[in-house]
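In case you want the letters, here they are:
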Amino acid sequence: MKGIVFTEFLELVEEKFGLKTVQEIIDSCNLATNGVYTAVGTYNHKEMFEMVEKLSELKSIPVPDLLTEYGRFFFKVLSVNYPQFMDKNDLFTFLNSIDGYIHPEVLKLYPDAELPRFTAALKGNDEMQLIYESSRKMAHFAIGLILGASAYYKEEMEVAIVKEEEGGKKVIISLQRK
Amino acid sequence: MEDDIKYYKLALAREKAARKAAEKILEDKALELYQANNELITSNANLEETLEIRTAQIKETEKMYRHLVESANDIIFQTDINGHFTFVNHTGELITGLTVSEIIGTHYTAFVDEAFHEGMAKLYHNQVENNIESAYFEYKLKTKTEEEIWLGQNTQLIHENNKPIGFLAVSRNITERVKSDNELRRSEEKYKKMFEGAFDGMMRVDVNGNFVEWNSKMIKMLGYTNEELSAMSVQQIIHPDDAEKSKAYFEKLKKEGYYTNYNGRIISKNNRIINVEVNSTATYENGEISGSIDNVRDVSERVTIEDAIIYSEEKYRSILENLELGLLEVDVEENITKVYPSFCAMTGYKKEDLIGKNHSQFLLHPDSPEKMEAQEINRGESEASVYEVQIKKKDGSYTWVIMSGAPFKNRNGKIIGAIAIHLDISSRKRIEQDLKQANRLAEESSKAKELFLANMSHEIRTPLNAVIGLSGLLRDTDLNDVQTAFASNIYNAGQGLLLLVNDILDLSKIASGKLELNMESFDLRQTMSTIISSSAYLAEEKGLQISLNIQDDLSDYYKGDELKLTQILTNLVNNAVKFTAKGLVEIRIEKIADENELHTLKFQVIDTGKGIAPDALLSIFEDFNQEDNTISKVFGGTGLGLSICKKLVAFLGGDIYVESTLGAGSIFTVILGFEPIQQYDLIEESVDFEDELNWENVKILTVEDNHLNQFVLKETLKRWNASTDIAENGEEAIEILLEKNYDIILMDMQMPIMDGFAATNIIRRELKSSVPIIAFTANALSNEKERCLAIGMNDYISKPFKEQELKEKISRQLKLNVESEKYILSKEVGKENTDSTIFTVNRLFEMSRGNSEFVNKLLDIFIEDGELSIAKMRTEQDADLLGKLAHKIKPSIDYLSNVHMKDLVRKIEQMDFVQSPELLDAFLEGLGDIIAAAKNHLKQS
């Protein structure tokens, strides 16, 4: 997993809960890195999950909610760092371009990146269905990213999980314009 | 606070560690990049070097190949997958005559003979489709000259990325080989054809005489099977007596290479000896004689065919000669090319008179060219055609012939001329003309006969009219007994003579098929009573009784030809009375069948007379036949009566026969069909003759040139208290009619100056008079009545007339007249005062056939209309409208009132009241009276 995910996560925790919570998480997790992450590095994704679970435990916030919230935050980071990918007219067009354009481009920059599959299906002007497929089971992070995008394009959406398969490896997400 | 510092320190430490980690990563990446760059530079240099070496190698190889390709004797070329040339070598230029740059881009079909396009396209396609690496085929090039160039081509598929992208082909000029192949094949085929298709037997034998090859004719001739023959030698079929001779010929063959016209005998399988003529040629192999090819002709067969042809020709020649057909041959221009003796015999020409002459121009009658033209066209279509034409003979006279041109063709099917065949039909034509002449004469004679009969009837009837009429009148004058007897005798003799004339006329009518069917409704009893009354006088004299028995189930009224029935039965009854001295004559009528609204009636006339001898019974219905010659002396008559009866019955589709016992009497039976009808069908046609006419008031004009007839008529009319004016002819009649009106005209048809037809025509067309005219004629020709009626006459009386008939016919015409009241003395009217009967319902009853309900209904309507009319007419001032009101009520007046009122209503209608106003008052008063009487009538009923 790319280092930026770790660094931004810890930034968010620091921002929301303070350095103490950051330290607590690092201390209580068995991390090979001892909590030292750099955006240009690549780290084991298990460390990320461990930290999220720890935060959940500490703050009594469910993991999905944390992931969603982190996704929303992370989209802002992405939109500032990679504005060329946001150059789309509307939300649905953007979402539709992830699997076919954005992810292939990302792979050119980071050949070792492991990216989920995103299959988008437009259902009329106001509805879209997305199929998330990844062994990481991070659909909620994806939902957070979608919500971040929704805010970015100023299109309010009701986002919901329609169906989960294979223990979260395949999740069908629906978007309905509010 | 301490905690915070602690955490910041820890965080800072992490950040430092992270920075170092990041720097390390970047350092590593930079080194990686440097190394990668170095490797790239090195490999690039290596690549360039290799490329150079390879390029040089390829160039060398290519040069070598190119040299090979260009120096090859074969055409080497490449095409793309669609067959367009992408490369061709120099040889290609030489063979096609085009430069390489001209060939490149062209499609291969531009060089291939069209006959091979389809086949080659299939081959190429197949090669691509089934991925066939290499294929060979041969084809002909398309060339601008007659020269044929054949190529044998080896084609390979060219691939790129496993996909076929074109063809590489090597083509070799194989023209010489193909030509020699074809030559060989042709010569083989020719030999095969000649051998197998020969008219004669063909065989090939080896030096020992063994059969090597033979054709089917040979098999047919010899009768051996192929298998048998293949194991045989020539020696086995040669007649033993010819063995030496044949050996000698074979030696000759060996020495000279051939022999001709060997005549010998061979023996077939079934031991038939065949005369043959053999022609042989030696065959060679490697310079050595290997055998011979022999043509074996069956000469015996030829002899038979020749005989048959001669026989056939002989046969047809004799047939043609016997038919006496004149034959000529002409070319396509119809110029005579050959003359057969038969034609000379027919026409008297010599051969040299005709050769080279044009057939149509020289021989045909000038009236026939269009026929020949038609024939010429037909000949073009190769059809034989037949005409009847006249041809000119040597002596200049013409003779009728049937001519036929049968075209004949040369071997190529082109018409080169025709055989003109002439059959002399002059005698047939003569007979034909004789027949026409005879037929015309017969027709003329028939017409003359008819004219004679018509004239005779006129000539005889005119004086007869006088004899009968005057003797009848004379008989009724005040005479002594002897004079009365003389007058009666004259009268009876006249009647007899009239019967005779009528019989002859009837017979001629029947003979000429001019009988007509007159369908009329009649009262059977009335008709029978008329028939009986005609014989009553004679019967009474002889003291015979004539009884009539009509079966109950017969209808009273029938429709049919009453006239002919009357004629038939009158004759039979007359005969019965004539031949019966004592006893009785009975007429029996019964119905023997009743189907499809037709009653088949059996009329029997039974007498107790002298009877007829059995041998005479058969011929009794023949013309001019009486039982024996004495009859005419004793009983009179012409012998035509029964013959006429039989013919009339046959005409009506019935049957007549006689049974008789000599001395006991005869029964004549007539069977005829009539359609039964109801009484009312008869009413319209009947006129009530019981009404007596007031003859003094009838104004009659008689138009008649014969003074005797004038006298008879005047006297007859005088007896009825009638009188007549006389016109001598039509012209005089017209003059009189311009001066005076008549109620009826009796018009003779044949008169000098102007005849009855012309006069009637003027009366109707120019005088526009509708006065009834009765034709009065002695001419009894069949269509006379139709002619009279057609020209506008009302009826027809044949002279000499019967007084009763004349009276009835005149009465009928007068009563049909609208204004007849003035001379009709109806029985009713006769009894009562005319003026008092202003109202009568009799006509209404008659019209409604006695339906009093209907009559009352009509009277109701009349009363209502009448009262309304009276009210209107009293106040109406407009004369025109008054006239119209009168017109409207006129039909009612005609039905209900008397002649006075009828006259009056017409005067009002014509607006006579303008001059005589009292007429209107009289009319309205009368109308009032009629209405009152009608009301009274309704009250009583």
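Because the structure is a prediction, the values reported are computed rather than measured.

Enquirer: Quick question: what am I supposed to make of the overall build of chain B here?
Expert: Each helix and strand in chain B was counted, giving 32 helices and 29 strands. Here chain B holds 941 residues, and the buried ones make up 38% of them. For chain B, restricting intrachain contacts to residue pairs at least 6 apart in sequence, the fraction spanning at least 24 positions comes to 57%.

Enquirer: In this structure, what is going on with the overall build of chain A? I would like to understand it.
Expert: Counting its secondary structure elements, chain A contains 6 helices and 4 strands. In chain A, the succession of helices and strands from N to C terminus is α-α-α-α-α-β-β-α-β-β. Relative to a compact globule of 178 residues, whose C-alpha radius of gyration would be 16 Å, chain A shows 16 Å and is just as compact. Seen through its principal axes, chain A has C-alpha atoms that stretch 50 × 35 × 30 Å. Considering chain A as a whole, with its 178 residues, one finds that 47% of them fall into the buried category. Long-range pairs, those at least 24 residues apart, make up 58% of the contacts in chain A between residues at least 6 apart in sequence. When the accessible surface of chain A is split by element, carbon and sulfur atoms take 49% of a total near 9200 Å².

Enquirer: Looking at this structure, I do not really get the pattern of salt bridges. What am I missing?
Expert: Where charged atoms of side chains with opposite charge meet at close range, the side chains can pair. Residue and element names in this part refer to chain B. The tally for this structure, following the rule as stated, stands at 40 salt bridges over all chains. As a salt-bridge pair, Lys142 and Glu114 come within 3.9 Å of each other at their nearest N and O atoms. Of this pair, Lys142 sits in the loop between strand S3 (134–140) and strand S4 (150–160) while Glu114 sits in the loop between helix H3 (100–103) and helix H4 (117–129), and the two are 28 residues apart along the sequence. Here Glu114 falls in the exposed class, since its relative accessible area comes to 58%. Because the salt bridges share partners, they merge into one network encompassing Glu388, Arg428, Lys429 and Glu432.

Enquirer: Explain the packing of aromatic side chains to me, please; I cannot follow it from the model alone.
Expert: Each aromatic ring pair is described using two quantities: the centre-to-centre distance and the angle formed by the ring planes. The full count for this structure, using the stated rule, is 30 aromatic pairs over all chains. Seen in terms of ring centroids, Phe75(A) and Tyr152(A) are 5.9 Å apart; in terms of plane orientation they differ by 65 degrees. Their pairing is edge-to-face. Of the two residues, Phe75(A) sits in helix H4 (residues 63–81) while Tyr152(A) sits in helix H6 (residues 139–152), which places them 77 residues apart along the sequence. For the ring pair Tyr108(B) and Tyr124(B), a centre distance of 5.0 Å and an interplane angle of 70 degrees mean the geometry is edge-to-face. Residue Tyr108(B) is located in the loop between H3 and H4, and its partner Tyr124(B) is located in helix H4; the two are separated by 16 residues in the primary sequence. Between Lys245(B) and the ring centre of Tyr262(B), over which it is positioned, the NZ or CZ distance is 5.5 Å.

Enquirer: Even after reading the chapter, I still don't get the confidence of the model for chain B, so can you show me in this structure?
Expert: Caution applies to low-pLDDT parts of the model: their predicted coordinates are not meant to be read in detail. Residues and elements named next belong to chain B. This prediction gives chain B a mean pLDDT of 81; 89% of its residues lie at or above 70. When pLDDT is averaged over each helix and strand of chain B, the minimum, 37, is found for helix H27 (residues 827–831) and the maximum, 92, for strand S20 (residues 598–607). Taken as a whole, residues 680–690 scores under 50 in pLDDT and shows 19 contacts with residues more than four places along the chain or in a different chain. Note that residues 825–836 has pLDDT below 50 and, in this model, 12 contacts with residues that lie over four places away or in other chains.

Enquirer: Looking at this model, I keep getting lost on the interface of chain B and chain A. Mind explaining?
Expert: When the parts of a complex come together, some accessible area is lost, and that lost area is often taken as the interface size. In this assembly, 10 residues from chain B lie in contact with 12 residues from chain A. Taken together, both faces of the contact between chain B and chain A bury some 970 Å²; the carbon and sulfur share is 75%. At the junction of chain B and chain A, the tally comes to 0 salt bridges. Looking at the side of chain B that touches chain A residue by residue, the class counts come to 9 nonpolar, no polar and 1 charged.

Enquirer: Sorry if this is basic, but what is going on with the sheet that holds strand S4 (residues 170–177) of chain A here?
Expert: The strands making up a sheet associate through backbone hydrogen bonding, with each pair oriented either parallel or antiparallel. Residue and element names in this part refer to chain A. Taking strand neighbours across the sheet as the criterion, the 4 strands line up as S1-S2-S4-S3 in an open arrangement whose pairing is antiparallel. The open sheet has two free edges, formed respectively by strand S1 (117–122) and strand S3 (157–165), since each of these has just one partner strand. This sheet shows a mean twist of 20 degrees between the axes of neighbouring strands, independent of strand direction. Here S1 pairs with strand S2 (residues 127–133) via 6 bridges, running antiparallel. Across the sheet, the residue bridging to Ala121 is Gln129, located in S2. Across the face of the sheet, helix H5 (residues 91–109) comes into contact with S1, S2, S3 and S4 while running at roughly 145 degrees to S1. Across the face of the sheet, H6 comes into contact with S1, S2, S3 and S4 while running at roughly 160 degrees to S3.

Enquirer: Hey, could you run me through the pairing of strand S22 (residues 665–677) of chain B in this one?
Expert: Consecutive side chains along a regular strand alternate between the two faces of the sheet. Residues and elements named next belong to chain B. In terms of strand pairing, strand S18 (residues 557–560) meets S22 through 3 bridges, oriented antiparallel. Of the residues in S22, the one forming a bridge with Tyr558 is Pro676. Alignment of S20 against S22, held across 8 bridges, turns out to be antiparallel. Bridge assignment links Leu601 to a residue of S22, and that residue is Leu672. Here 7 bridges tie strand S21 (residues 655–661) to S22, and the two strands are oriented antiparallel to one another. Within S22, the position partnered with Val658 by the bridge is Phe668.

Enquirer: Please clarify how a nonpolar patch on the surface should be interpreted in this entry.
Expert: Taken together, the side chains of Phe199(B), Ile305(B) and Ile309(B) make up a nonpolar region of the molecular surface, amounting to roughly 330 Å² of accessible area. Mapped onto the secondary structure, Ile305(B) falls in helix H9 (residues 299–323).

Enquirer: Can you walk me through a negative patch on the surface in this structure?
Expert: Where like charges cluster on the molecular surface, the negative patch consists of Glu11(A), Glu14(A), Glu15(A) and Glu15(B). The element best represented in the negative patch is helix H1 (residues 3–17) of chain A, accounting for 3 residues. With respect to the helices, strands and loops of the structure, Glu15(B) is situated in helix H1 (residues 2–71).

Enquirer: When you look at the nonpolar core in this model, what are you seeing that I'm missing?
Expert: As a rule of thumb, soluble globular proteins bury nonpolar side chains together. Phe9(A), Met51(A), Tyr70(A), Phe94(A), Leu95(A), Ile173(A) and Leu175(A) are the most contacted members of the largest nonpolar core, which totals 53 residues. Mapping this core onto the domain boundaries places at least three of its residues in each of domain 1 (3–61) and domain 2 (67–177) of chain A. Residues Ile510(B), Val577(B), Phe603(B) and Leu642(B) belong to the second largest nonpolar core, which totals 43 residues.

Enquirer: Explanation requested: helix H5 (residues 175–197) of chain B in the structure shown.
Expert: Three or four residues apart is the spacing at which side chains of an α-helix point the same way, because the helix has 3.6 residues per turn. Residue and element names in this part refer to chain B. With 23 residues, H5 ought to run about 33 Å at 1.5 Å a step, and its terminal C-alpha atoms sit 31 Å apart, in line with that. Listing the buried residues of H5 in full gives Thr175, Val178, Asn182 and Phe195. Packed against the buried residues of H5 are S4, strand S5 (163–173), strand S6 (201–206), strand S7 (211–214) and strand S10 (288–298).

Enquirer: Where do I start with the side chain of Thr175(B) in this structure?
Expert: All names here are of chain B. Structurally, Thr175 can be placed in helix H5. In this structure the side chain of Thr175 is engaged in a polar contact, spanning 2.5 Å, whose partner is the side chain of Asn173. Filtering out sequence-adjacent residues up to four positions away, Thr175 remains in contact with Glu148, Ile149 and Trp150.

Enquirer: Is there a simple way to think about the environment of Ile293(B) in this case?
Expert: Residues and elements named next belong to chain B. With respect to the helices, strands and loops of the structure, Ile293 is situated in strand S10. Sequence spacing of Ile293 and Lys809 is 516 residues, and the spatial spacing of their C-alpha atoms is 116 Å. If we skip the residues at most four places from it in the chain, Ile293 touches Tyr191, Phe195, Met202, Met203, Arg204, Asn279, Ser280, Thr281 and Thr283.

Enquirer: For this particular structure, what's the right way to read the sheet that holds strand S8 (residues 258–267) of chain B?
Expert: Residue and element names in this part refer to chain B. Taken in spatial order, the 5 strands of this open sheet run S7-S6-S10-S9-S8, and their pairing is antiparallel. Each end of this open sheet is capped by a strand with a single partner; those strands are S7 and S8. Averaged over all pairs of adjacent strands, the angle between their axes in this sheet comes to 30 degrees, without regard to strand direction. Across the sheet, H5 is in contact with S6, S7 and S10; its angle to S6 comes to roughly 115 degrees.

Enquirer: Quick question: what am I supposed to make of the packing of helix H31 (residues 899–909) of chain B against helix H32 (residues 918–940) of chain B here?
Expert: Residue and element names in this part refer to chain B. Taken N-terminus to C-terminus, the directions of H31 and H32 make an angle of 130 degrees; their axes are 10 Å apart at the nearest point. One finds that H31 runs oblique with respect to H32. When you trace H31 past H32, the crossing you get is left-handed. In contact with Met901, Leu904, Val905, Lys907 and Ile908 of H31, H32 contributes Leu919, Leu920, Ala922, Phe923, Gly926, Leu927 and Ile930.

Reading the values: rules and limits
Residues numbered from 1 in each chain as written. Chains lettered and ligands numbered in written order. Predicted model: local features only at pLDDT ≥ 70, side-chain atom pairs only at ≥ 80, totals over all residues. Heavy atoms only, no water. Helix = DSSP H or I, 4+ residues; strand = E, 2+ residues; numbered from the N terminus. Buried < 20%, exposed > 50% of the residue type's maximum accessible area, 1.4 Å probe, protein only. Contact = heavy atoms within 4.5 Å. Rg over C-alpha atoms; globule rule 2.2 N^0.38 Å. Areas by Shrake-Rupley, 256 points an atom, 1.4 Å probe, with all protein chains shown as cover. Salt bridge = Lys/Arg side-chain N within 4 Å of Asp/Glu carboxyl O. Phe/Tyr/Trp six-rings, centres within 6.5 Å; stacked < 30°, edge-to-face > 60°. Lys NZ or Arg CZ within 6 Å of the ring centre and 35° of its normal. pLDDT = per-residue confidence, 0-100. Buried area = accessible area lost by both parts, 1.4 Å probe. Nonpolar A, V, L, I, M, F, W, Y, C, P; charged D, E, K, R; others polar. Pairing = 2+ DSSP bridges. Axes fitted to C-alpha atoms, helices over the stretch in contact; angles between N-to-C directions. Patch = residues over 30% accessible without salt bridge, like charges linked within 9 Å, V, L, I, M, F, W, Y side chains within 5 Å. Lys, Arg positive; Asp, Glu negative; His and termini not counted. Charge placed at Lys NZ, Arg CZ, Asp CG, Glu CD. Core = buried A, V, L, I, M, F, W, Y, C linked by side-chain atoms within 4.5 Å. Domains from an automatic or database assignment. Expected span 1.5 Å × (residues − 1). Polar contact = N/O pair within 3.5 Å; in protein donor to acceptor, adjacent residues only side chain to side chain. Parallel < 35°, antiparallel > 145°, perpendicular 65-115°, else oblique. Left-handed = near helix turned anticlockwise from the far one by under 90°.

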